[in-house]
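# Architecture at a glance
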Amino acid sequence: MAGESRIMFTTRLMKTIIKYPVWLFLCLFLSGCEQLEQKADTVREFFRQPPVLPLLEVIQTSVPTGFCAAVAMADQLGHAIPGAEIGHYNGLSLIQIKNNHEYPLSLLAVPCEEIYILRLGMDEDMCIISSFFVSKDHLSGQGKIYHIGPVPVLLDDQHVRAIFARNHVSVEDELNLELNLSQGEIEMGIERLTAPKPDNVSVAVEQDAWIIEIQPEDTWTDFSDDKFMITGGEQNVSTLSDPEGNAASVLQMAMIGLMIDPACLKNPVSGFTVLREISVETGSDSRLDDLVLGTILYTFDLNCTGRIKVPVATGSFLLALGQEVEFNMMD
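This one's a predicted model, so the numbers in the text were calculated from it and none came from an experiment.

Burial runs high along strand S2 (residues 92–98): five of the seven residues are buried. Two strands pair when backbone bridges link them, and strand S1 (residues 84–89) and S2 are joined in this way by six bridges, in the antiparallel orientation. Looking at S2, one finds that Tyr89 is bridged to Leu92. Two strands pair when backbone bridges link them, and S2 and strand S3 (residues 114–123) are joined in this way by six bridges, in the antiparallel orientation.

Next comes the structure, spelled out in structure tokens:
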């Protein structure tokens, strides 16, 4: 009996000895899984949805700017602009238009009731304009002025060509109808306007400006059928420093032959855009999700779905490769 008791005791002891490593393994495994899951969450946060707002902002600035360029050139050619009041101000032609919120002004993203266009004629085929988009608060009587200019404008084989840079766009509190330009600025604007359009991404980014080609479709007094082609690029660099950490970002974007057609107001119908983003935050609690690093290619076609294709995507945008993303110009 004593022998049997010893055997039973030994058996229970062996089960106990085995049980503790099993529980220890389970605890370590579960703890490891939790850490792995946390790391997986961080890695997942590194991947981002491809940004479309930078594209949208350029389109929603370029189309109204192109509209103003077409109006100014139509006026310079002697056409009567429907609904416009045209006068002279400080030696310049002044065109005043009510915003009808119809295409192409339907793509204007900022609130606006009136538009003022100052035109300085250079010769029969060229002028320089400044455009003012006026928003008013009827309760306070105050408002904002969205100013784009100076913008050189050229008539080229029945097309209108205009060019602007991001630093030519500003928000002001008062309507200041001035077009102050030095001879050097005029010559530089004309030189950039008459230069060949960039046909590759690197040249477009270095150009740091946007060229808009407007096709009036031989109807100089009807702007509802105009097509707009946008080509160009820019690079934005920003830095931020505070006691909790530093942040830096670089956004490069180029558009080649991006076409806006009145037949489709949801998305461009041709051309492509390349966007490259590098952004990093540093501090005591920096994580992988504080880093954005990637390049994305958007392409456009005649399918008016409000979606654009992503045939190339790297880095933070890799999961969007081969997908279509929402892009509605009217939102």
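Let us keep going from here.
Below, the discussion takes up the environment of Leu77. In this fold, Leu77 is placed in the loop between helix H2 (53–76) and S1. Along the backbone, Leu77 and Trp220 are 143 residues apart, and their C-alpha atoms lie at a distance of 9.2 Å. If near-sequence neighbours (up to four positions away) are discounted, Leu77 is found in contact with Glu124, Leu155 and Trp220.

What follows covers the packing of aromatic side chains. Considering all chains together, one arrives at two aromatic pairs under this definition. With a centroid separation of 5.5 Å and an interplanar angle of 80 degrees, the aromatic rings of Phe67 and Phe223 are classed as edge-to-face. Taken as a pair, Phe67 in helix H2 and Phe223 in the loop between strand S8 (209–215) and strand S9 (227–242) lie far apart in primary sequence, 156 residues in all. When its relative accessible area of 10% is taken as the criterion, Phe223 is described as buried. Considering the side-chain rings of Tyr103 and Phe228, the 6.2 Å spacing of their centres and the 75 degrees angle between planes classify their relative orientation as edge-to-face. In this pair, Tyr103 sits in the loop between S2 and S3 while Phe228 sits in strand S9, placing the two residues 125 residues apart along the sequence. With relative accessibility at 0%, the residue Phe228 sits in the buried group.

To continue, consider the nonpolar core. Residues Leu55, Ile59, Ile117, Ile129, Val153 and Ile260 are the most contacted members of the largest nonpolar core, which totals 58 residues. Those residues within four positions of Ile59 in sequence are excluded, and the remaining contacts are Pro64, Ile230, Met255, Leu258, Ile260, Pro268, Phe327 and Met329. Membership of the second largest hydrophobic core comes to eleven residues, among which are Leu118, Ile128, Leu179 and Ile186.

This paragraph deals with the side chain of Glu234. Mapped onto the elements of the fold, Glu234 is located in strand S9. Overall, the relative accessible area of 4% leaves Glu234 in the buried class. At 3.4 Å, the side chain of Glu234 forms a polar contact with the side chain of Asn236. For Glu234, the residues in contact, after removing those within four places along its chain, are Arg166, Ala204, Val205, Asp208, Trp210, Leu251, Gln252 and Met253.

All right, on to the environment of Phe164 then. Following the sequence through the fold, Phe164 ends up in strand S6 (residues 159–164). A C-alpha to C-alpha distance of 9.2 Å links Phe164 and Leu193, two positions 29 residues apart in sequence. When residues no more than four places from it in sequence are discounted, the contact partners of Phe164 are Thr61, Ser62, Thr65, Val151, Val169, Ala209, Trp210 and Ile212.

This part takes up H2. With 24 residues, H2 should reach 34 Å at 1.5 Å per residue; the first-to-last C-alpha distance of 35 Å fits that figure. The buried fraction of H2 amounts to 21 of the 24 residues, a majority that puts the element mostly inside the structure. Just downstream of H2 lies Gly78, where phi reads positive at about 95 degrees.

Further remarks concern unusual backbone geometry. The step from Tyr103 to Pro104 runs through a cis peptide bond, and the omega angle for that step is 5 degrees. Its place among the elements puts Pro104 in the loop between S2 and S3. In this model, Gly149 is joined to Pro150 through a cis peptide bond whose omega is 0 degrees. Note on placement: Pro150 falls in strand S5 (residues 143–156).

Before going further, it helps to examine the pattern of salt bridges. Any two side chains of opposite charge can pair, on the condition that their charged atoms come close. Scanning the model with the defined rule gives twelve salt bridges in all. Close ionic contact of Glu114 with Lys136 constitutes a salt bridge, the shortest N to O distance being 3.7 Å. Highlighted residues: Glu114 in strand S3 and Lys136 in strand S4 (residues 126–136), separated in sequence by 22 residues. Owing to a relative accessible area of 44%, Lys136 belongs among the partly exposed residues under this scheme. Residue Asp261 pairs with Lys227 through a salt bridge whose shortest N-O separation is 3.6 Å. Here Lys227 lies in strand S9 and Asp261 lies in the loop between strand S10 (245–260) and strand S11 (270–283), a separation of 34 residues in the sequence. Given the relative accessible area of 15%, Asp261 is considered buried. With a relative accessible area of 25%, Lys227 lands in the partly exposed category.

What follows is about the state of the cysteines. Inspection of every chain in the model, using the stated rule, returns one disulfide. The partner cysteine of Cys264 in its disulfide is Cys304, sulfur to sulfur 2.1 Å. Looking along the S-S bond of the Cys264-Cys304 disulfide, the torsion reads about 90 degrees, which is the right-handed sense. On the criterion of sequence distance, the pair formed by Cys264 in the loop between S10 and S11 and Cys304 in the loop between strand S12 (291–299) and strand S13 (307–313) is long-range, its members being 40 residues apart. Cys304 gets classed as partly exposed once you look at its relative accessible area, which sits at 33%. No disulfide involves Cys68; its sulfur sits 8.6 Å from the nearest other cysteine sulfur, which is in Cys112.

What counts, and at which threshold
- Residues numbered from 1 in each chain as written.
- Predicted model: local features only at pLDDT ≥ 70, side-chain atom pairs only at ≥ 80, totals over all residues.
- Heavy atoms only, no water.
- Buried < 20%, exposed > 50% of the residue type's maximum accessible area, 1.4 Å probe, protein only.
- Helix = DSSP H or I, 4+ residues; strand = E, 2+ residues; numbered from the N terminus.
- Pairing = 2+ DSSP bridges.
- Contact = heavy atoms within 4.5 Å.
- Phe/Tyr/Trp six-rings, centres within 6.5 Å; stacked < 30°, edge-to-face > 60°.
- Core = buried A, V, L, I, M, F, W, Y, C linked by side-chain atoms within 4.5 Å.
- Polar contact = N/O pair within 3.5 Å; in protein donor to acceptor, adjacent residues only side chain to side chain.
- Expected span 1.5 Å × (residues − 1).
- Salt bridge = Lys/Arg side-chain N within 4 Å of Asp/Glu carboxyl O.
- Disulfide = S-S within 2.5 Å.

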